[in-house]
Amino acid sequence: MEWALAELLKNPDTMTAARREFDGKFPECHVIKESDLADLPYLCACVKETLRLHPPAPLLLPRRAAKDCHVMGYTVPQGAHVFVNVWAIGRDPRYWEDASSFKPERFMVGDVDFKGSHFEFLPFGSGRRICSGLPMAVREIQLAVATLVHGFDWSLPEGTAAGDLEMEERYGVTLKKLNPLVLFPTPRV
Ligand code: HEM
């Protein structure tokens, strides 16, 4: 959620587009419900785009090779620990045009989803050990981000311009912002 808000603030056009999607569909005082998400494809695309650039588990969970295998000219011996770098895959220019930019529009076309069958986008992993909390996690994040975007105007601390918002990452088992995002909310609903 922190990364989603940071990206939306840093890229004001996307915040405007996300807000515009609410307009006309819901009255201003409407409190977003789970059933509203189907009417918010752009907002859901913003969540996907955030997970592409900032996957919370950048190396998934470690796996072990069950037997010797050969991948792209490399030999992976039986028993070797294998890490899948979904952070790098999500930013690979071979699969993503303008890969380092936050462009939710890319998810408005095509059918790339979280379910582990599109190998260029694996924030929840893939295969038999794919995140078992996926359906709940996706709904929760979408609902929370929708509520924060629709329910509040967000401003940055005085003297900080949106374009200067730093997006440095702290590497670890989970991918966090190096410096926490500081924003001031003003309720809209
Ligand atoms: C943004 C939210 C979340 C993300 C990005 C996420 C991501 C992941 C990833 C990448 C894995 C490893 C998959 C693999 O190695 O292929 C995983 C495993 C798992 N996740 Fe999540 N997760 C999230 C939320 C949740 C929630 C809310 C729950 C529980 C309600 C949950 C339960 C699990 C469990 C039980 C596993 C282990 C599955 C297994 O090894 O069989 N996750 N998750």
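Structure: above.
Residues numbered from 1 in each chain as written. Predicted model: local features only at pLDDT ≥ 70, side-chain atom pairs only at ≥ 80, totals over all residues. Heavy atoms only, no water.

Asker: How do you make sense of the coordination of the iron atom of the ligand when you look at a structure like this?
Answerer: Ideal donor angles around a metal are set by the shape: a four-donor tetrahedron calls for 109.5 degrees, a six-donor octahedron for 90 or 180 degrees. Within the protein, a single donor atom binds the iron atom of the ligand, namely C131 (SG) at 2.2 Å. Of note, C131 is situated in the loop between α4 (86-90) and α5 (134-151). (Donors = N, O, S within 2.8 Å, 3.2 Å for Na, K, Ca; no water. Helix = DSSP H or I, 4+ residues; strand = E, 2+ residues; numbered from the N terminus.)

Asker: I tried to follow the site of the ligand on my own but got confused; where do I start?
Answerer: By nearness alone, 17 residues border the ligand, and R63, G125, R129, C131 and S132 come closest of all. Taking L61, its main chain carries an N or O atom lying 3.5 Å from an oxygen atom of the ligand. The contact in question runs from an oxygen atom of the ligand to an N or O atom on the side chain of R129, over 2.8 Å. A per-class count over the shell around the ligand returns eleven nonpolar, four polar and two charged. (Near = heavy atom within 4 Å. Polar contact = N/O pair within 3.5 Å; in protein donor to acceptor, adjacent residues only side chain to side chain. Nonpolar A, V, L, I, M, F, W, Y, C, P; charged D, E, K, R; others polar.)

Asker: Would you mind going over the packing of helix α2 (residues 12-22) against helix α3 (residues 41-53) with me for this structure?
Answerer: What describes two packed helices is the angle between their axes and the distance between those same axes. Between α2 and α3, the least distance of the axes is 8 Å, while the angle of their chain directions is 145°. On α3, the residues that touch T14, A17, A18 and E21 of α2 are P41, Y42 and L43. For the contact of α2 with α3, the class distribution of residues is five nonpolar, one polar and one charged. (Axes fitted to C-alpha atoms, helices over the stretch in contact; angles between N-to-C directions. Contact = heavy atoms within 4.5 Å.)

Asker: What is the right way to read the packing of aromatic side chains from this model?
Answerer: The description of an aromatic ring pair rests on the distance of the ring centres and on the angle between the ring planes. Using the criterion set out here, one finds eight aromatic pairs in the structure. Centroid distance W87 to Y171: 6.1 Å. Interplanar angle 75°. Geometry classified as edge-to-face. Here W87, found in helix α4, pairs with Y171, found in the loop between β6 (169-170) and β7 (176-177); they are 84 residues apart in sequence, far enough to count as distant. For Y171, a relative accessible area of 57% puts it in the exposed group. Judged by centre distance (5.0 Å) and plane angle (45°), the rings of F107 and F121 are tilted. One end of the pair, F107, is in the loop between α4 and α5; the other, F121, is in the loop between α4 and α5, and 14 residues separate them in sequence. Neither residue differs from the other here; F107 and F121 are each classed as buried. (Phe/Tyr/Trp six-rings, centres within 6.5 Å; stacked < 30°, edge-to-face > 60°. Buried < 20%, exposed > 50% of the residue type's maximum accessible area, 1.4 Å probe, protein only.)

Asker: Which parts of the structure should I look at to understand the nonpolar core?
Answerer: For soluble globular proteins, nonpolar side chains are generally found buried alongside one another. L40 and V149 are the most contacted members of the largest nonpolar core, which totals 39 residues. Secondary-structure elements contributing two or more residues to this core are α1 (2-10), α2, α3 and α5. Ranked by residues supplied to this core, first place goes to α3 with seven residues. Not counting the four nearest positions on each side in its chain, V149 is found in contact with L5, L8, M15, A18, R19, F22, L43, W154 and R188. (Core = buried A, V, L, I, M, F, W, Y, C linked by side-chain atoms within 4.5 Å.)

Asker: Just checking my understanding: could you explain the packing of α1 against α5 for this structure?
Answerer: Contact geometry of α1 with α5 gives a least axis separation of 10 Å together with a crossing angle of 40°. In terms of axis orientation, α1 runs oblique to α5. Crossing handedness for the pair α1 and α5: right-handed. Contact with α1, carried on its side by A4, L5 and L8, involves V145, L148 and V149 of α5 and no other residues of that element. (Parallel < 35°, antiparallel > 145°, perpendicular 65-115°, else oblique. Left-handed = near helix turned anticlockwise from the far one by under 90°.)

Asker: What should I look at first to understand the side chain of K48 in this one?
Answerer: Position of K48 among the secondary structure elements: in helix α3. For the buried residue K48, which engages in no salt bridge, the nearest side chain bearing the opposite charge is D113, 6.2 Å off. Among the polar contacts listed, one links the side chain of K48 to the backbone oxygen of V112, at a separation of 2.7 Å. The residues contacting K48, other than those within four sequence positions of it, are F107, V112, D113, F114 and F121. (Lys, Arg positive; Asp, Glu negative; His and termini not counted. Salt bridge = Lys/Arg side-chain N within 4 Å of Asp/Glu carboxyl O.)

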